[in-house]
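The primary structure of each chain is shown beneath.
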Protein chains: 2
Amino acid sequence: MTTDERVAMLHRVADALVANEQTIMEENAKDVAEATGKISDSLLQRLILKHAKIAQLAAGIRAIAAQEEPIRHVLQRTEVAEGLVLEKQTAPIGVLLVIFEARPDALPQIAALALRSGNGLLLKGGKEAARSNAALHRVIVDAIGAPLGGDLIALVTSRDEISDLLTLHDVIDLVIPRGSNELVSHIQANTKIPVLGHADGICHIYVDAAADLAKAAAIVADAKADYPAACNAVEKVLVHEGLGDEGLDAVIAALEGVGAEVHAGERLASRRPSRRLPPAPAVRHEYSSLGVTVETVPSLAAAVDHIHAHGSGHTECIVTEDAAAADAFLLGVDSACVFHNASTRFSDGFRFGLGAEVGISTSRIHARGPVGVEGLLTSKWVMRGSGQVVAKDSGVDYTHRKLPTS
Amino acid sequence: MTTDERVAMLHRVADALVANEQTIMEENAKDVAEATGKISDSLLQRLILKHAKIAQLAAGIRAIAAQEEPIRHVLQRTEVAEGLVLEKQTAPIGVLLVIFEARPDALPQIAALALRSGNGLLLKGGKEAARSNAALHRVIVDAIGAPLGGDLIALVTSRDEISDLLTLHDVIDLVIPRGSNELVSHIQANTKIPVLGHADGICHIYVDAAADLAKAAAIVADAKADYPAACNAVEKVLVHEGLGDEGLDAVIAALEGVGAEVHAGERLASRRPSRRLPPAPAVRHEYSSLGVTVETVPSLAAAVDHIHAHGSGHTECIVTEDAAAADAFLLGVDSACVFHNASTRFSDGFRFGLGAEVGISTSRIHARGPVGVEGLLTSKWVMRGSGQVVAKDSGVDYTHRKLPTS
């Protein structure tokens, strides 16, 4: 399909969502009625589609349509020999399996990204949103039009099929789970298909001996309280012992000032028993709430070791005015995102400027950290010649000259 | 470690290989003596280290040392907000497990690539080369020096440990098998660790209705006979029926002219029984020898469908003078490498100009096609600020301005 055809298709999908809003809302209302009292309030809030949400979804799809063409983009161009030109181009990965929980609004977003990037899509939604998902899927498939619609984007509804799907590693190229840590862990443990995502988000902030305490206070407060349940919220603050009581007090006061429940790490508890903070539940613990652990460390190296031993490789931050310490931390910490003097909450596809966010990956393979549409792409080598042969490498004179990509 | 430290280390390794040539050759001679008569002649040839090979290995390691620094290379730079700059940098993947068969010369090559790219390495060699590998490993570890040597590069010798190693998906980040199709298939089937490589290389050449028959003849002959056992050798030639007897005869004559044993595909055999070519063993078959299947197809679309149904996604070529047909093939065929009017034998890291070759991947995730040192790298997001917070996205004014990377 050409760029224009795929863009036109996305606009048809956006228009169809708006045009069919009433049907979608009716089906959603049935889901909400059935789920009320059976699922938690926060899940219920995510299940509810409102008028504003549908308009926002349509606008988001038009924004995806307006993005630069993601496929056949030339990443490298090389003259291999005279008249023999090699290109590395972006290409669709193939078939994506996206598994999401309650939120039905994830369905059109993901469908739009898959259409834009030329991928086939298998969608598996939560059972609470079954009617909403079916309605959204029908609207999208109709807007794509026969004969492609149902082949490009398929909705899997039965509950049992998930474990079967996870065995299809010769057919499905990538699994993207959007949901709880338990969902992601379960999928990672039960498939050989590559999984784009993260189970845990145990982010650390290290407040260095040379920290500006006002910056440290602002950053730890934001990183914990801006959205405590987010995967990029801070779960542990490591305070350099060189900051003494003053530094430690400033960090704890900043956290308590935004309503955080501060727990003491083992070292802090044993060194400062008088402080009487409740102990941390475990050395590695994701609160996903206003809970946070504060621990002391004797050095930057100890902070780095602590992060490697007990972190999840998501996002870590150093607060310091010492440029050399910052460099040592940014180089030494092996996480998807490493920040100097900035809140861990910036670790996000939209904030990074990637446009639509596919997920945040703590894997080291394929895509790492916040992932935009490039996470749905692979590359392909395209070479154009005029009859060249290898002939034991005497067939051509290799030039291997780098050519401009545009 | 700094770039200079890693480069110096590589030069020490190259020097040590040359200085310890006699010991290495003695250990290798013992392996060769023990294996003689027990393994095939071609495996035995691969096992033998010669003086020229050691010098060549040392030169290869110096070439790797001279390459551009692969890590901390800035891939993208974005001003997220005023004073808040985000970089996407290359970074080592972590721990690689490289499993190779007879060839002991693979050990220093792979060790050098791992050192250059900052990765830890677990090496598992074939038992035929046990003494050679142990000697090479000892020389390399000594050259790296205490205390790092044995920690950076470990050699696994016992036969049983391989299945244990394949379960360590929380510790090992990437498996790179270098050996037979059986080895690669076995590893792919028995691990959840991502595998960089390919089991099959079933490459196709499609000779279009608008082909220049002289180019077609030269390309099919080279693609089959230049190195028949290579994964990028052609296994099946699809000839457009519009070329008639003349075209078919030219292709078959070119193949037979270089000693190829031509087998007929099903459609060719049923339409041209008089030709009396032996039938192909299967519709999907890797000869890894001078054997080759010739099949006829009624159209370019049929060729593309045939390749998708029976190929391995490695390398495919179209021979044609019709630019539109070439574009349709290059876009439509979903393989790691797609060529127009060039031998499939060009599908190789050295010929592509990638420097050292880590392998050829038919996976769509992480790295695809011939893979150089970039296959041993992941990326890492590094952000530098001065105290910025998110504050529900009112903490900064996002600019998302693309900055130059150098």
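One numbering rule holds for all chains: residues counted from 1, following each sequence as written. Key to labels: chains lettered from A, ligands numbered from 1, both in the order written. Residue-level local features of this predicted model are given only where pLDDT is at least 70; pairs of side-chain atoms are given and counted only at 80 or more, and the full residue set underlies all totals for whole chains, interfaces and linings. The side-chain values count all of the structure's non-hydrogen atoms but skip hydrogen atoms and water molecules.

Going by what an unreviewed UniProt entry lists, chain A is known as glutamate-5-semialdehyde dehydrogenase and is assigned to Raphidocelis subcapitata.

Draft legend 1. Representation of the interface of chain A and chain B within the structure. Each partner contributes residues to the interface: chain A has 67 residues there, and chain B has 67 residues. In this description, buried area is defined as the sum, over both parts, of the accessible area (probe of 1.4 Å) that is lost when the two are combined. Of the roughly 5500 Å² buried at the junction of chain A and chain B (both faces included), carbon and sulfur atoms supply 55%. Definition used for salt bridges: Asp or Glu carboxyl oxygen within 4 Å of a side-chain nitrogen of Lys or Arg. Connecting chain A to chain B are 8 salt bridges. The shortest N-O distance in the salt bridge between Asp-173 of chain A and Arg-364 of chain B comes to 3.6 Å. Helical segments are the DSSP runs of H or I of at least four residues, strand segments are the runs of E of at least two, and each set is numbered from the N terminus. Mapped onto the side of chain A that touches chain B, the elements with two or more residues apiece are β1 (74-81), β2 (84-92), α9 (181-189), α10 (213-225), α14 (323-332), β12 (337-342), β14 (369-371) and β15 (377-388) of chain A. Sort the elements by how many residues they give to the side of chain A that touches chain B and β15 of chain A lands first, with 11 residues. Broken down by class, the residue content of the side of chain A that touches chain B amounts to 32 nonpolar, 18 polar and 17 charged. When checking whether two residues touch, look at their non-hydrogen atoms; a contact exists if any pair is within 4.5 Å. Under the scheme applied here, ten amino acids are nonpolar (Ala, Val, Leu, Ile, Met, Phe, Trp, Tyr, Cys and Pro), four are charged (Asp, Glu, Lys and Arg), and all others, including Gly, are polar.

Draft legend 2. Structural detail: the domain arrangement of chain A. All names here are of chain A. Delimitation of the domains relies on an automatic or database domain assignment. If you check the domain split of chain A, you get domain 1 (3-196 + 358-379) and domain 2 (203-346). Averaged C-alpha coordinates put domain 1 and domain 2 at centres separated by 35 Å. Taken together, the contact between domain 1 and domain 2 spans 9 residues of the former and 10 residues of the latter. Both sides of the domain 1 and domain 2 interface together cover about 610 Å² of buried area, and 49% of this is carbon and sulfur. It is Ile-360, Thr-362 and Arg-368 in domain 1 that bury the most area against domain 2; as a group they hold 59% of the surface buried on that side. At the surface where domain 1 touches domain 2, the tally comes to 2 salt bridges. Across the salt bridge formed by Arg-364 and Asp-334, the nearest N and O atoms sit 2.8 Å from each other. Think of a polar contact as two N or O atoms within 3.5 Å of one another; within protein, one of them needs to be a possible hydrogen donor and the other a possible acceptor, and neighboring residues in sequence only count if both atoms come from side chains. Counting across the interface, domain 1 meets domain 2 through 3 residue pairs in polar contact (both at pLDDT 80 or more).

Draft legend 3. Region of interest: the packing of aromatic side chains. Two aromatic rings, drawn from Phe, Tyr or Trp (for Trp, its six-membered ring), form a pair once their centres lie within 6.5 Å of each other, and the interplanar angle then sorts them: stacked below 30 degrees, edge-to-face above 60, tilted otherwise. In the structure shown here, the tally under the stated rule is 6 aromatic pairs over all chains. Where Phe-352 of chain A meets Trp-381 of chain B, the ring centres are 5.0 Å apart and the plane angle is 50 degrees; that geometry is what we call tilted. Here Phe-352 of chain A, found in the loop between β12 and β13 (359-361), pairs with Trp-381 of chain B, found in strand β15 (residues 377-388), and the two come from separate chains. Arranged with centres 6.2 Å apart and planes meeting at 55 degrees, the rings of Phe-339 of chain B and Phe-352 of chain B form a pair that is tilted. Within this pair, whereas Phe-339 of chain B is found in strand β12 (residues 337-342), its partner Phe-352 of chain B is found in the loop between β12 and β13 (359-361), the two being separated by 13 residues in sequence. Considered together, Phe-339 of chain B and Phe-352 of chain B belong to a single accessibility category, that of buried residues. Each residue gets one of three labels from its accessible area relative to the maximum for its type: buried under 20%, exposed over 50%, partly exposed in between, using a 1.4 Å probe on protein chains only.

Draft legend 4. Broad picture of the packing of helix α4 (residues 51-66) of chain B against helix α5 (residues 106-116) of chain B. Residues and elements named next belong to chain B. Axis geometry follows a simple rule: fit a line to the C-alpha atoms, using only the stretch in contact for helices, then measure angles between N-to-C directions, giving values from 0 to 180 degrees. Between α4 and α5, the shortest axis-to-axis distance is 10 Å and the interhelical angle comes to 15 degrees. Taken together, the axes of α4 and α5 are roughly parallel relative to one another. By crossing handedness, the relation of α4 to α5 is classed as right-handed. The segment α4 lies against α5, with Leu-57, Ile-61, Ile-64 and Ala-65 engaging Pro-108, Gln-109, Ala-112, Leu-113 and Arg-116. A class-by-class count of the residues in the contact of α4 with α5 yields 7 nonpolar, 1 polar and 1 charged. Each angle receives one of four descriptions, namely roughly parallel if under 35 degrees, roughly antiparallel if over 145, roughly perpendicular if within 65 to 115, and oblique otherwise. Each helix crossing is assigned a hand: it is left-handed if the near helix lies turned anticlockwise from the far helix by less than a right angle, otherwise right-handed if that turn is clockwise.

Draft legend 5. The arrangement of the relation of the copies chain A and chain B in detail. Between chain A and chain B, which share one sequence, the superposing operator has a rotation angle of 180 degrees and an axial displacement of 0.0 Å; the RMSD is 0.1 Å. What the superposition gives is, in effect, a two-fold axis relating one chain to the other. Closest approach to the rotation axis among the C-alpha atoms of chain A is made by His-366 of chain A, whose C-alpha sits 1.9 Å away. Same-surface contact between copies: 100% of interface residues of chain A are shared with the interface of chain B. When the copies are superposed, the least-squares fit draws on C-alpha atoms of residues that have pLDDT of at least 70 in both.

Draft legend 6. Region of interest: the confidence of the model for chain A. Every residue gets a pLDDT, meaning the predictor's confidence in that residue, from 0 to 100. Overall, the predicted model of chain A reaches an average pLDDT of 93, with 99% of residues at or above 70. This prediction of the complex comes with two scores: 0.91 for pTM and 0.92 for ipTM.

Draft legend 7. Quick look at the sheet that holds strand β5 (residues 153-156) of chain A. Residues and elements named next belong to chain A. What the 4 strands build is an open sheet, ordered β5-β4-β3-β6; its pairing is parallel. Across the chains shown, the open sheet's two edge strands, defined by having one partner strand only, are β5 and β6 (174-178). Strand-to-strand twist across the sheet, computed as the mean angle between neighbouring axes with direction ignored, equals 20 degrees. Pairing of strand β3 (residues 95-100) with strand β4 (residues 120-124), which is carried by 5 bridges, proceeds in the parallel orientation. For Val-95, the partnering residue across the bridge sits in β4 and is Gly-120. Against the sheet, helix α6 (residues 130-144) engages β3 and β5, with an angle of about 165 degrees to β5. Relative to β6, α9 is tilted by about 160 degrees, and along the sheet it contacts β3 and β6. If DSSP finds at least two bridges between two strands, the strands pair.

Draft legend 8. Region of the structure containing the pattern of salt bridges. Per the stated rule, a full pass over the model turns up 44 salt bridges over all chains. Among the salt bridges present, the one from Arg-384 of chain A reaches Asp-327 of chain B, with a minimum N-O distance of 3.9 Å. In this pair, Arg-384 of chain A is assigned in strand β15 and Asp-327 of chain B in helix α14 (residues 323-332), connecting two distinct chains. Asp-327 of chain B gets classed as partly exposed once you look at its relative accessible area, which sits at 36%. With a shortest N-O distance of 2.9 Å, Glu-34 of chain B and Arg-131 of chain B are connected by a salt bridge. Taken together, the residues span a long stretch of sequence, with Glu-34 of chain B in helix α2 (residues 21-35) and Arg-131 of chain B in helix α6 (residues 130-144) at a distance of 97 residues. Taking relative accessible area as the criterion, Glu-34 of chain B reaches 46% and is therefore assigned partly exposed. Here the salt bridges share partners, and the residues they tie into one network are Arg-77, Glu-87 and Arg-384 of chain A together with Asp-327 of chain B.

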